[in-house]
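Close look at the chain arrangement
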Amino acid sequence: MSAGIHRIVILTGAGISAESGIDTFRSAGGLWEQHRIEDVATPEGFARDPDLVLGFYDMRRAALEKVEPNPAHAALARLEQEFAGELLLVTQNVDDLHERGGSAKVLHMHGELKSALCTSCDMRSPWLGTMLDRPPCPVCQARTLRPDVVWFGEMPYRMDRIYAALERCDLLVSIGTSGAVYPAAGFVQEARASGARTLELNLEPSEGSRLFHESRLGPASVLVPEWVDEVLSRAG
Ligand code: APR
């Protein structure tokens, strides 16, 4: 799998953080069984009931302090440090476990819990606290902060950068994502159209499994370190 691999794009989803104790969205008991997407993850839901939405993300932000990165996050950090080629780590996750696991370059296409977006001045600020209490924007002081998270119906971040990398890559590895949400679910087709190999590492077959050249089933904490060892032992 690794012979002649020089440019890798990795896409991660909630499954890579599952073993750290962060709920995924679509598994039994997951976040979208506890809350309705239209209530907490859309601009319309935020306009309708801002307290519900701010409280939902305050709860998820506070939960970050209770979890730790797992061996899958650490393995991707090791890959970043030791892989001689180009690597782009794109995550759909809004948690900070890739960074706390040691990855320095992470592209959060769906935003981050630890970032605040001001709806008055459009500036982003690092954010660790709550928003339900309407704190002032650190830039313009207006009390109009929202979570810097991409909601359904909004455009994910840095798509130009992602598509450029998919066009050039030799390998796309998709880890811990159900393939249920676009545009991320379409990355495998973009990579294949560019002639790249495509590998899926997931606990169970995703909706797009049949589109991958290879799909390995199991927990990320086992599959990702194994795969990183494989790439680093054979990388040219
Ligand atoms: N190891 C590997 N994969 C796992 C593990 C694990 N320990 N546990 C669960 N998974 C897999 C599940 O089998 C599932 O395919 O992770 C995937 C999680 O799927 P979702 O809950 O749909 O999460 P995700 O794919 O990240 O959702 C994509 O949807 O709701 C939006 O914006 C949200 O970024 C999110 C996007």
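Look above for the structure.
Another aspect to go through is the sheet that holds strand β4 (residues 111–118). Strands sit in the order β5-β4-β6 across an open sheet of three strands; the sheet is antiparallel. Looking at strand neighbours, the two that pair on one side only are β5 (124–126) and β6 (145–149), the edges of this open sheet. Between one strand and the next, the sheet's axes are offset by a mean angle of 45°, whatever the strand orientation. Bridge analysis of β4 against β5 gives three bridges, and the strand direction is antiparallel. In the strand pairing of β5, Ala-116 is matched with Ser-125. Against the sheet, helix α5 (residues 50–63) contacts β4 and β6, and its axis sits at roughly 55° relative to β6.

The end-to-end C-alpha separation of helix α6 (residues 71–82) is 16 Å, in line with the 16 Å expected for twelve residues at 1.5 Å each. Residues of α6 that are buried in the fold lie against β1 (7–12), α1 (15–18), β2 (86–91), α7 (97–100), β7 (171–175) and α10 (220–234). The N-capping residue of α6, defined by a side-chain oxygen 2.7 Å from the backbone nitrogen of Ala-72, is Asn-70.

Take the sheet that holds β1 next. Read from one edge of the open sheet, six strands run β3-β2-β1-β7-β8-β9, paired in parallel fashion. In this open sheet, the two strands that pair with only one neighbour each are β3 (107–108) and β9 (214–217). Of the pairings in the sheet, the one linking strand β8 (residues 197–202) to β9 comprises four bridges and is parallel in character. Following the sheet pairing, Asn-202 is matched in β9 by Leu-217. The strands that α10 touches are β1, β7, β8 and β9; relative to β8, the one it contacts most, it runs at about 150°.

A separate point is α5. Given a rise of 1.5 Å per residue, 14 residues ought to cover 20 Å, and the 20 Å separating the end C-alpha atoms of α5 matches this to within 8%. When α5 is considered as a whole, its buried residues turn out to be Val-53, Leu-54, Phe-56, Tyr-57, Asp-58, Arg-60 and Arg-61.

Of all five residues that make up β6, five are buried, and the element is covered over most of its length. Examined bridge by bridge, β4 and β6 share four bridges and lie antiparallel to one another. Along β6, the bridge assignment pairs Gly-111 with Val-149.

Let's shift gears to the nonpolar core. Counting residues in each nonpolar core, the largest one holds 23 residues, and the members touching the most others are Ile-8, Ile-10, Leu-76, Val-173, Ile-175, Val-224 and Trp-227. Of all the secondary-structure elements, those providing two or more residues to this core are β1, α6, β7, β8 and α10. Ignoring any residue separated from it by four or fewer positions in sequence, one finds Trp-227 in contact with Ile-8, Ile-10, Leu-76, Leu-79, Leu-171, Val-173, Leu-199, Leu-201 and Arg-216. Val-53, Phe-56, Val-94 and Leu-113 belong to the second largest nonpolar core, which has 20 residues in total.

Contact geometry for α6 and α10: axes closest at 7 Å, N-to-C directions at 15°. As the angle between them shows, α6 and α10 are arranged roughly parallel. Crossing geometry of α6 relative to α10 is assigned as left-handed. Seen from α6, the contacting residues are Pro-71, Ala-72, Ala-75, Leu-76, Arg-78, Leu-79 and Glu-82; seen from α10, they are Ala-220, Ser-221, Val-224, Pro-225, Trp-227, Val-228, Asp-229, Val-231 and Leu-232. For the contact of α6 with α10, a count of residues per class yields twelve nonpolar, one polar and three charged.

Let us look at the layout of surface pockets. Here the idea is plain: a probe the size of a water molecule rolls over the atoms and shows the empty space left. When its volume is computed, the largest pocket comes out at roughly 830 Å³. Mapped onto the lining of the largest pocket, the elements with two or more residues apiece are α1, α5 and β8. Ranked by the residues each element gives to the lining of the largest pocket, the list is headed by α1, at three residues. When the residues that make up the lining of the largest pocket are grouped by side-chain class, the tally is 23 nonpolar, 15 polar and five charged.

The rules behind the values
- Residue numbers run consecutively from 1 along every chain, following the written order of its sequence.
- Whole-chain, interface and lining totals are the exception, using all residues; otherwise, since this is a predicted model, local features are given only for residues with pLDDT of at least 70 and side-chain atom pairs are given and counted only at 80 or more.
- Heavy atoms throughout the structure, all of them, feed into the side-chain values; hydrogens and water do not.
- If DSSP finds at least two bridges between two strands, the strands pair.
- Secondary structure is summarised from DSSP: a helix means a run of H or I of at least four residues, a strand means a run of E of at least two, and numbering begins at the N terminus for each.
- Axis definition: a line fit to C-alpha positions, over the contact stretch in the case of helices; interaxial angles, taken between N-to-C directions, run 0 to 180 degrees.
- Working rule for contacts: check all heavy atoms of both residues, and any pair within 4.5 Å makes them a contact.
- Working rule for helices: expected span equals 1.5 Å times residues minus one.
- Any pair of N or O atoms that falls within 3.5 Å is considered a polar contact. Within protein, one atom must be able to donate a hydrogen and the other to accept it, and sequence-neighbouring residues count only if both atoms are side-chain atoms.
- Relative accessibility under 20% of the residue-type maximum defines a buried residue, over 50% an exposed one, and the middle range a partly exposed one, all with a 1.4 Å probe and only protein chains included.
- For our purposes a nonpolar core is just a set of buried Ala, Val, Leu, Ile, Met, Phe, Trp, Tyr and Cys residues, chained together by side-chain atoms within 4.5 Å.
- For classification purposes, angles smaller than 35 degrees are called roughly parallel, those larger than 145 roughly antiparallel, those between 65 and 115 roughly perpendicular, and all remaining angles oblique.
- Take the far helix as your reference; a near helix turned counterclockwise from it by less than a right angle gives a left-handed crossing, and one turned clockwise gives a right-handed crossing.
- Put simply, Ala, Val, Leu, Ile, Met, Phe, Trp, Tyr, Cys and Pro go in the nonpolar bin, Asp, Glu, Lys and Arg in the charged bin, and everything else, Gly too, in the polar bin.
- Here a cavity is any set of points on a 1 Å grid over the protein atoms alone where a 1.4 Å probe fits but cannot get out, and a pocket is any open set with protein on both sides within 12 Å along at least 5 of 7 lines; a residue lines the site when it has an atom within 4 Å of a point.
- Grid points are joined across faces, edges and corners, and a volume is the space filled by probe spheres set on the points.

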